[in-house]
Amino acid sequence: MPAEAQSRPTTFADLAEQVSPAVVNITTSTMVAGRTGPDGIVPEGSPFEDFFRNLPENDGPRRSSALGSGFVISADGYIVTNNHVIEGADEILIEFYDSDNELPAEVVGTDPNTDIALLKVEAEDLPYVAFGDSDGEGARVGDWVMAMGNPLGQGFSISAGIISARNRALSGTYDDYIQTDAAINRGNSGGPLFNMGGEVIGVNTAILSPTGGSIGIGFAMSSAVVKNVVDQLQEFGETRRGWLGVRIQDVTPDMVEAIDGLETASGALITDVPPGPADDAGMLAGDVITVYDGIAVEDTRELVRMVGNSPVGKDVPVQVLRNGELVELTVTLGRRETDEAVAFPASSDAPEEDAVENEVLGLSVAEVDEALVEQYGLSVESGLVITDIDPASEAASKGLVAGDVITEAGQQPVGTYAEFEARIEEARDAGRRSLLLLVRRGGDPRFVALSLVDEDEEVEDDDAE
């Protein structure tokens, strides 16, 4: 993009005139069931019940309408919008900027994970817009942007502002939102967010507002995510995301000292490796994924996005930190949509605690036996079951509860209390200030680092410095 395009514009008129023909209003309609009597109008038994029952009833199905926005991405009629705009719709009508005519649209495919939908109308030679680079020049914090859509059902409208923040996460696994102060209101959903070159760098999706109207905090899903989803929907009618086949968690600062060779709280810590791509590649629970396909991994969110954007079946070089050494592996990616549920079936919550056995680090633990398996509904054969916990302990503050099972300590398996004590002593003898535990709850694993230094020792150490 030319550098002059990033200077403060004197007007948005030329840009609006250029891209407006490709922006559309979307009207959807859905048949909903009508009421069958006074229910929902007055409480059952109310003295007014007979009065409302004698009124004419509208007990048949009725049609409910909703409005949204979208934009054309090809001359032959492919249109992008939000999934929530068209979800459950029986009929979808597209209104174009320069025409009073409406065209019916069919759903090509949807992706609820990113709230993106791809529609198709039967038309030729439509004006369309292209995706731009949401990570490149013209998409920096502070750059000018323009939003277009159908706010509050008022028809075609534009608003302008700047990019306020990048890489926002709301609630989805693949979230990569651009935050903008360009006014976005109800009805703008699915409309485009343009850079000053007329390229779409985001799809307007959500607002943060206590009133329901724009207060200058709007979110557009970045084109880096949207374009990949749209390409897959157009080719397959569904998404086909890469899948590594591991459970992971973020590395927290208190884990750094407990993991050999780790210098910063970055990377993705593997908590479980079921049969699948990662297992075939030789990955192990306790490995820290530091590099994926040549790119340093900052955290789990970034890794999930990179894997999800990778083609199914791709051979990807991965670097992991294992026992203080970097290990190079190659993993052949599976497909998340079909493989994940098989590898990670839903697990049930563990029941509450009851028994008390050996005590250490604020925990009361007992070796797994048949009684504990039945009491807590355990899915493991060995380990130490947490049967009680000191509510004032660090372990409690980090979310450990009775029924959790410690299966590793110091990245080594533990099945007895003696082994657990030995891991603690080994860590202390090595000068470590914390111990990394692998804890399973209802079959779901996660790592937790617990301090091996009591408060008095912490004070003495601080004074010595």
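In what follows, the structure referred to is the one given above.
Not measured: the values here are computed from a predicted model.

Concerning the overall build of the protein
Check the secondary structure of the protein and you find twelve helices and 28 strands. Excluding contacts between residues fewer than 6 apart, the proportion of contacts in the protein whose partners are at least 24 apart in sequence is 63%. Of the accessible surface of the protein, which amounts to about 22,300 Å², a share of 47% is contributed by carbon and sulfur atoms.

Observations regarding the pattern of salt bridges
This model, assessed by the stated rule, comprises 19 salt bridges. A salt bridge links Lys 398 to Asp 254; its shortest N-O distance comes to 2.1 Å. With Lys 398 in the loop between helix H10 (394-397) and strand E25 (405-409) and Asp 254 in helix H5 (residues 253-256), the pair connects residues that are 144 residues apart, well separated along the chain. Taking relative accessible area as the criterion, Asp 254 reaches 29% and is therefore assigned partly exposed. Residues participating in the shared-partner salt-bridge network are Glu 238, Arg 240, Arg 335 and Glu 337.

Quick notes on the layout of surface pockets
The space that makes up the largest pocket amounts to roughly 350 Å³. Considering the residues around the largest pocket, the lining is formed by 20 residues, among which Val 246, Ile 248, Val 304, Arg 336 and Glu 340 are closest to the centre. Looking at the lining of the largest pocket, the elements that each hand over two or more residues are strand E14 (242-243), strand E15 (247-250), helix H7 (300-308), helix H8 (336-343) and strand E28 (444-451). Looking at which element gives the most residues to the lining of the largest pocket, the answer is H7, with five residues. When the residues that make up the lining of the largest pocket are grouped by side-chain class, the tally is ten nonpolar, six polar and four charged.

What to know about the environment of Thr 387
Residue position: Thr 387 is located in strand E24 (residues 384-389). Thr 387 sits in the buried class, given a relative accessible area of 0%. The sequence separation of Thr 387 and Leu 363 amounts to 24 residues, and the corresponding C-alpha distance is 7.8 Å.

Quick notes on the packing of aromatic side chains
Scanning all chains against the criterion turns up four aromatic pairs. Note on Tyr 97 and Phe 156: the rings are 5.1 Å apart at their centroids and 85° apart in plane angle, and the pair reads as edge-to-face. Taken together, the positions of Tyr 97 in the loop between strand E4 (91-96) and strand E5 (102-104) and Phe 156 in the loop between strand E8 (144-149) and strand E9 (157-168) put the pair 59 residues apart, joining distant regions of the chain. On the basis of relative accessible area, Tyr 97 is assigned to the partly exposed category, the value being 41%. Overall, the relative accessible area of 24% leaves Phe 156 in the partly exposed class. Across from the ring centre of Phe 236, 3.9 Å away, lies the NZ or CZ of Arg 240, which sits over that ring. One residue, Arg 241, lies across the ring of Tyr 174, its end atom 4.1 Å from the ring centre.

Points about empty space enclosed by the protein
Summed over all chains, the structure comprises one cavity of 30 Å³ or more. As for the largest cavity, its lining consists of Tyr 174, Val 225, Asn 228, Val 229, Gln 232, Thr 239, Arg 241, Arg 305, Gly 308 and Asn 309. Every element with two or more residues in the lining of the largest cavity is listed here: helix H4 (223-236) and H7. Of all the elements, H4 adds the most residues to the lining of the largest cavity, at four residues. A breakdown of the residues in the lining of the largest cavity according to their chemical character gives three nonpolar, five polar and two charged.

Some thoughts on a negative patch on the surface
A grouping of Asp 76, Glu 106, Glu 122, Glu 124 and Asp 125 is seen on the molecular surface, where their side chains present a negatively charged patch. Relative to the elements of secondary structure, Glu 124 occurs in the loop between strand E7 (116-120) and E8. Taking the relative accessible area as the measure of exposure, Glu 124 reaches 68% and is therefore exposed.

As for the nonpolar core
Counting residues in hydrophobic clusters, the biggest one holds 28 residues, and the most contacted among them are Val 80 and Met 146. When residues of this core are traced back to their parent elements, those giving at least two are helix H1 (13-19), strand E3 (78-82), E7, E8, strand E12 (200-207), strand E13 (218-222) and H4. Sort the elements by how many residues they give to this core and H4 lands first, with five residues. If we ignore the near neighbours within four places in the chain, the residues touching Met 146 are Phe 12, Leu 15, Ala 16, Val 19, Ile 158, Ser 159, Ala 160, Pro 192, Leu 193, Phe 194 and Met 196.

A closer look at the sheet that holds E8
Spatially, six strands are ordered E8-E9-E10-E13-E12-E11 in a closed barrel, and the strand pairing comes out antiparallel. Taken over all neighbouring pairs, the strand axes of this sheet differ in orientation by 45° on average, direction set aside. As paired strands, E12 and E13 are joined by five bridges and run antiparallel to one another. What sits directly across from Ala 206, in E13, is Phe 219. Across the sheet, H4 lies against E12 and E13, angled at about 50° from E13, the strand it touches most.

Focus on H4
Three- or four-residue spacings in an α-helix give side chains the same orientation, since the helix completes a turn every 3.6 residues. Between its first and last C-alpha atoms H4 spans 19 Å; for 14 residues at 1.5 Å apiece the expected length is 20 Å, and the two agree. Taken residue by residue, H4 has Ser 223, Val 225, Val 226, Val 229, Val 230, Gln 232 and Leu 233 as its buried positions. Next to the buried residues of H4 lie E3, strand E6 (106-111), E7, E12 and E13. Gly 237, located one to two residues past H4, shows a positive phi value of around 80°.

What counts, and at which threshold
- Residues numbered from 1 in each chain as written.
- Predicted model: local features only at pLDDT ≥ 70, side-chain atom pairs only at ≥ 80, totals over all residues.
- Heavy atoms only, no water.
- Helix = DSSP H or I, 4+ residues; strand = E, 2+ residues; numbered from the N terminus.
- Contact = heavy atoms within 4.5 Å.
- Areas by Shrake-Rupley, 256 points an atom, 1.4 Å probe, with all protein chains shown as cover.
- Salt bridge = Lys/Arg side-chain N within 4 Å of Asp/Glu carboxyl O.
- Buried < 20%, exposed > 50% of the residue type's maximum accessible area, 1.4 Å probe, protein only.
- 1 Å grid on protein atoms, 1.4 Å probe; cavity = no way out; pocket = protein on both sides within 12 Å on 5 of 7 lines; lining within 4 Å.
- Points joined across faces, edges and corners; volume = space filled by probe spheres on them.
- Nonpolar A, V, L, I, M, F, W, Y, C, P; charged D, E, K, R; others polar.
- Phe/Tyr/Trp six-rings, centres within 6.5 Å; stacked < 30°, edge-to-face > 60°.
- Lys NZ or Arg CZ within 6 Å of the ring centre and 35° of its normal.
- Patch = residues over 30% accessible without salt bridge, like charges linked within 9 Å, V, L, I, M, F, W, Y side chains within 5 Å.
- Lys, Arg positive; Asp, Glu negative; His and termini not counted.
- Charge placed at Lys NZ, Arg CZ, Asp CG, Glu CD.
- Core = buried A, V, L, I, M, F, W, Y, C linked by side-chain atoms within 4.5 Å.
- Pairing = 2+ DSSP bridges.
- Axes fitted to C-alpha atoms, helices over the stretch in contact; angles between N-to-C directions.
- Expected span 1.5 Å × (residues − 1).

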